[in-house]
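An overview of the molecular structure
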Amino acid sequence: MRRVVLALTLLFATGVRAEEMAFYVIGVGADSCEKFIVAAEEQPPGTYKAIGSADGPYVNSISKYQQWMMGYVSAVNAARGDEGMQIKLDLTEMDSWMRNWCSRNQRRTVFHALQAFVKSH
């Protein structure tokens, strides 16, 4: 417990901002914006393509990013708690915003784009 308190004290004492902290991003959020843009070219914002198969539905590449984005924003909303502070946009708006940001920042990750999205909303 002392180590945790000391680490937090040092973190805040040195003024390190959250976006500068290193941590492991799980899933497609670790993909580059360039990879996201390639997947996004398959469909208009907020849409995806599903094809039925014997093993269940197949969905195209953009769907995995959309699902990850919605899960991330849902977690942010849960953490914010206050309903007035929550992000209340539909998938099309969020997807369009992400495509624009990633087009300008192709070497960044999908996670970085979502961080910027959350900060702007």
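Residues numbered from 1 in each chain as written. Predicted model: local features only at pLDDT ≥ 70, side-chain atom pairs only at ≥ 80, totals over all residues. Heavy atoms only, no water.

1. Focus on the environment of Leu 114
In this structure, Leu 114 sits in helix α5 (residues 110–120). For Leu 114, a relative accessible area of 0% puts it in the buried group. A sequence separation of 45 residues divides Leu 114 from Met 69, and the C-alpha atoms of the two residues are 7.2 Å apart. Once residues within four sequence positions are removed from consideration, Leu 114 is found in contact with Trp 68, Met 69, Tyr 72, Val 73, Met 94 and Met 98. (Helix = DSSP H or I, 4+ residues; strand = E, 2+ residues; numbered from the N terminus. Buried < 20%, exposed > 50% of the residue type's maximum accessible area, 1.4 Å probe, protein only. Contact = heavy atoms within 4.5 Å.)

2. Some words on the packing of helix α2 (residues 33–40) against helix α3 (residues 61–80)
Contact pair α2 / α3: the axes reach a minimum separation of 7 Å and the direction vectors enclose 120 degrees. Considering their axes alone, α2 and α3 lie oblique with respect to each other. Our pair here, α2 against α3, has a crossing hand that is left-handed. Of α3, the residues touching α2 (which contributes Lys 35, Phe 36, Ala 39 and Ala 40) are Ser 61, Ile 62, Tyr 65 and Met 69. (Axes fitted to C-alpha atoms, helices over the stretch in contact; angles between N-to-C directions. Parallel < 35°, antiparallel > 145°, perpendicular 65-115°, else oblique. Left-handed = near helix turned anticlockwise from the far one by under 90°.)

3. Brief notes about the pattern of salt bridges
In the structure shown here, the tally under the stated rule is three salt bridges. The partner of Asp 31 in a salt bridge is Lys 35, and the shortest N-O contact between them spans 3.9 Å. Since its relative accessible area comes to 16%, Asp 31 is described here as buried. Asp 95 is paired through a salt bridge with Arg 99; the nearest N and O atoms lie 2.8 Å apart. You can see Asp 95 and its partner Arg 99 sitting in helix α4 (residues 91–104), four residues apart, about one turn around the helix. Given a relative accessible area of 12%, Arg 99 falls into the buried group. (Salt bridge = Lys/Arg side-chain N within 4 Å of Asp/Glu carboxyl O.)

4. Topic: the packing of aromatic side chains
This model, assessed by the stated rule, comprises four aromatic pairs. Between the aromatic rings of Phe 36 and Tyr 65, the centroid separation amounts to 5.3 Å while the plane-to-plane angle is 85 degrees, which identifies the pairing as edge-to-face. One end of the pair, Phe 36, is in helix α2; the other, Tyr 65, is in helix α3, with 29 residues separating them in the sequence. The burial state of Phe 36 is the same as that of Tyr 65; both residues are buried. Measuring from ring centre to ring centre gives 5.6 Å for Trp 68 and Tyr 72, while their planes differ by 25 degrees; the resulting arrangement is stacked. Highlighted residues: Trp 68 and Tyr 72, both in helix α3, separated by four residues, approximately one helical turn. An aromatic cluster of three or more residues is present, and its members are Trp 68, Tyr 72 and Phe 111. (Phe/Tyr/Trp six-rings, centres within 6.5 Å; stacked < 30°, edge-to-face > 60°.)

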